[in-house]
Amino acid sequence: MSHYPLPVLKLIQNFSKLPGVGQKTAERLAMHVMRAPQKEAEQFARSILEVKDKVRVCLKCFALSAADVCVICSDPTRTSSVLCVVEQIADMVAVEKAGSFKGLYHVLQGVLSPMNGVGPEDIRIKELISRIEHGKVQEVILATSTNVEGEATASYLAERLESCNVKVTRIASGVPMGGDLKYVDAVTLKRALETRHTI
């Protein structure tokens, strides 16, 4: 890669540090930046600096925000009595994109994983309990993943919330829409049968 000038090499190296970006993709991105008009490159650079400078974690739900409290937590039309607990910000975004949930969120910023040294004090469980005890939450929806860590986290939270006088529910899991039963794994099919409902 010595055929590139040093500034281009640095740009390629920085792009290759991004998750999922290999060397070839980093080169393509660097070449795109090189071909882009000066104004577009400046806007791109400014947007990176602006994100680092202005975006923080919401003081209530721990999602991303440009203010102390995010737009969802400060929206008076949201139902404050229902709290959806998710692992990461990306999970909250996925629920929002579905468009049917109108309550508030609590982002744990992780899951319990003793094998990786992640215990209850390492994620936002204490803040969740405090929020429920000092708020008007009536239902907590546990929307963690259905993998081992997600299930363990949901079970732990359900146990911790027993004394909080709130309804605790778990998101349904099972056969996906458009799924063909013969291709569904046994664990998913078992869960789908166990959580069946009347139609």
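Conventions adopted
Residues numbered from 1 in each chain as written. Predicted model: local features only at pLDDT ≥ 70, side-chain atom pairs only at ≥ 80, totals over all residues. Heavy atoms only, no water. Helix = DSSP H or I, 4+ residues; strand = E, 2+ residues; numbered from the N terminus. Rg over C-alpha atoms; globule rule 2.2 N^0.38 Å. Buried < 20%, exposed > 50% of the residue type's maximum accessible area, 1.4 Å probe, protein only. Contact = heavy atoms within 4.5 Å. Areas by Shrake-Rupley, 256 points an atom, 1.4 Å probe, with all protein chains shown as cover. Phe/Tyr/Trp six-rings, centres within 6.5 Å; stacked < 30°, edge-to-face > 60°. Expected span 1.5 Å × (residues − 1). Arc of directions from axis to C-beta.

Trainee: Residue-level account of the overall build of the protein chain, with values.
Mentor: A count of helical and extended segments in the protein chain gives seven helices and six strands. Start at the N end of the protein chain and walk to the C end: the helices and strands fall as α-α-α-β-β-β-α-β-α-β-α-β-α. Compactness check: the protein chain gives a C-alpha radius of gyration of 22 Å against a globular reference of 16 Å for 199 residues, more than 25% above the reference. Dimensions along the principal axes, computed over C-alpha positions, put the protein chain at roughly 65 × 45 × 35 Å. The buried share of the protein chain, taken over its 199 residues, is 31%. In the protein chain, 48% of the contacts between residues at least 6 apart in sequence involve partners at least 24 apart. Total accessible area on the protein chain is roughly 13400 Å²; 58% of this is exposed by carbon and sulfur atoms.

Trainee: Got a sec to walk through the packing of aromatic side chains? Specific residues and values, please.
Mentor: Throughout the structure, instances matching the rule amount to two aromatic pairs. Consider the rings of F15 and F44, whose centres lie 6.4 Å apart with planes at 25 degrees: the pair is stacked. Linking F15 in helix 1 (residues 6-16) with F44 in helix 3 (residues 38-54), this pair joins segments that are 29 residues apart in sequence. For F44, a relative accessible area of 42% gives the class partly exposed.

Trainee: Go over helix 6 (residues 148-160) with me, naming the residues and quoting the values.
Mentor: Between its first and last C-alpha atoms helix 6 spans 18 Å; for 13 residues at 1.5 Å apiece the expected length is 18 Å, and the two agree. Within helix 6, the full set of buried residues consists of G150, T153, A154 and L157. The buried side chains of helix 6 occupy one side of the element, clustering within an arc of 100 degrees when seen end-on. For helix 6, exposure combined with an orientation more than 90 degrees from the buried face picks out V148 and E159.

Spatial relationships are all this shows, so hold off on functional conclusions.
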